[in-house]
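Read off the chains here:
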Amino acid sequence: AQSVAQPEDQVNVAEGNPLTVKCTYSVSGNPYLFWYVQYPNRGLQFLLKYITGDNLVKGSYGFEAEFNKSQTSFHLKKPSALVSDSALYFCAVRDIKTREYGNKLVFGAGTILRVKS
Amino acid sequence: SAVISQKPSRDICQRGTSLTIQCQVDSQVTMMFWYRQQPGQSLTLIATANQGSEATYESGFVIDKFPISRPNLTFSTLTVSNMSPEDSSIYLCSAKRTGGLEQYFGPGTRLTVT
């Protein structure tokens with residue numbers, strides 16, 4: 001079965017500092033990995049995905065994520081945080097074994113990011 | 001990306017009643033999905049909405065409680081039937097384009113059952 005863990009309920013960072021939001025996953029095959037952001041009273045917005053290839057993927061709003069197969073991790077990063085980055089962030093995984101799992105996305109519990117000025 | 005709209009954006013309903021949520025996508029997509037986000041929790045997939053046929057439900061969700069329709073490629077409805085306070089959640093529609101891997105989400109419907 002697929003699963004995703006986001007070990008931190010909340011991450012606090014000062015504006016201008018680098019930020020990291022952690023995600024680890026478990027799948028039986030190879031993963032497709034995604035990050036989404038949810039602002040208050042809004043739906044989820046897609047940030048970036050890892051499918052294959054370069055372990056460092058770049059996405060929207062200056063975010064990037066690093067895939068590490070040996071550690072089964074996909075941490076979200078940004079070199080310089082903005083107050084406007086404050087939101088709820090979700091990591092999600094889809095198992096490539098589509099016959100068994102279809103297009104099912106499994107989401108982590110979410111991490112609240114607070115950026116203070 | 002796909003632009004997805006949902007109606008209503010929020011509603012307060014009495015227990016025992018039903019609510020139908022509509023989801024409209026701006027272009028043709030291959031797959032549409034319905035998720036539930038309970039207060040303070042993550043998203044859980046309810047079902048995949050299949051065009052012209054019965055939806056595919058995840059474990060723990062049944063058609064009698066959450067009937068779903070998808071009459072064409074760009075429109076789907078989710079009904080929450082015989083509601084109880086435990087059904088109070090945000091319900092989100094998502095869609096995936098042909099050849100794409102990421103899902104795009106609507107703004108959600110915030111349901112409160114009293």
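Check the entry above for the structure.
Residues numbered from 1 in each chain as written. Chains lettered and ligands numbered in written order. Predicted model: local features only at pLDDT ≥ 70, side-chain atom pairs only at ≥ 80, totals over all residues. Heavy atoms only, no water.

### Details of the pairing of strand E12 (residues 111-116) of chain A
Residues and elements named next belong to chain A. Alternating positions in E12 separate cleanly, Thr111, Leu113 and Val115 being buried on one face and Ile112, Arg114 and Lys116 remaining unburied on the opposite face. One ladder, built from five bridges, connects strand E2 (residues 10-14) with E12; its direction is parallel. Paired with Ala14 across the strands is Lys116, a residue of E12. Pairing analysis gives three bridges linking strand E10 (residues 87-95) to E12, with the strands arranged antiparallel. Bridging across to E12, Ala87 finds its partner in Leu113. (Buried < 20%, exposed > 50% of the residue type's maximum accessible area, 1.4 Å probe, protein only. Helix = DSSP H or I, 4+ residues; strand = E, 2+ residues; numbered from the N terminus. Pairing = 2+ DSSP bridges.)

### Here we look at the state of the cysteines
All names here are of chain A. For the structure shown, the criterion picks out two disulfides over all chains. Through a disulfide, Cys23 is tied to Cys91; the S-S separation comes to 2.0 Å. On the sign convention where negative means left-handed, the S-S torsion of about -60° between Cys23 and Cys91 marks this disulfide as left-handed. Taken together, the positions of Cys23 in the loop between strand E3 (19-21) and strand E4 (24-26) and Cys91 in strand E10 put the pair 68 residues apart, joining distant regions of the chain. The same class applies to Cys23 as to Cys91, namely buried. (Disulfide = S-S within 2.5 Å.)

### Section: the nonpolar core
Counting 43 residues, the largest nonpolar core has A:Tyr36, A:Phe107, B:Trp34 and B:Tyr35 as its most contacted members. In this structure, A:Phe107 is in contact with A:Val4, A:Tyr36, A:Leu44, A:Phe90, A:Cys91, A:Ala92, B:Tyr35, B:Ser42, B:Leu43 and B:Phe105, ignoring residues within four places of it in sequence. Membership of the second largest hydrophobic core comes to 29 residues, among which are A:Val13, A:Val27, A:Phe63 and A:Cys91. (Core = buried A, V, L, I, M, F, W, Y, C linked by side-chain atoms within 4.5 Å. Contact = heavy atoms within 4.5 Å.)

### Here we look at the interface of chain A and chain B
Listed per partner, the contact involves 20 residues of chain A and 20 residues of chain B. Across the interface of chain A and chain B, roughly 1500 Å² is buried in total on both sides, 57% from carbon and sulfur atoms. For the chain A face of the interface with chain B, the top three residues by lost area are A:Leu44, A:Asn103 and A:Phe107, together amounting to 30%. Along the contact surface separating chain A from chain B lie two salt bridges. There are six residue pairs in polar contact (both at pLDDT 80 or more) connecting chain A and chain B. Mapped onto the side of chain A that touches chain B, the elements with two or more residues apiece are strand E5 (31-38), strand E6 (44-50) and E10 of chain A. Top contributing element to the side of chain A that touches chain B by residue count: E5(A), with four residues. Taken together, the residues of the side of chain A that touches chain B break down into eleven nonpolar, five polar and four charged. (Buried area = accessible area lost by both parts, 1.4 Å probe. Salt bridge = Lys/Arg side-chain N within 4 Å of Asp/Glu carboxyl O. Polar contact = N/O pair within 3.5 Å; in protein donor to acceptor, adjacent residues only side chain to side chain. Nonpolar A, V, L, I, M, F, W, Y, C, P; charged D, E, K, R; others polar.)

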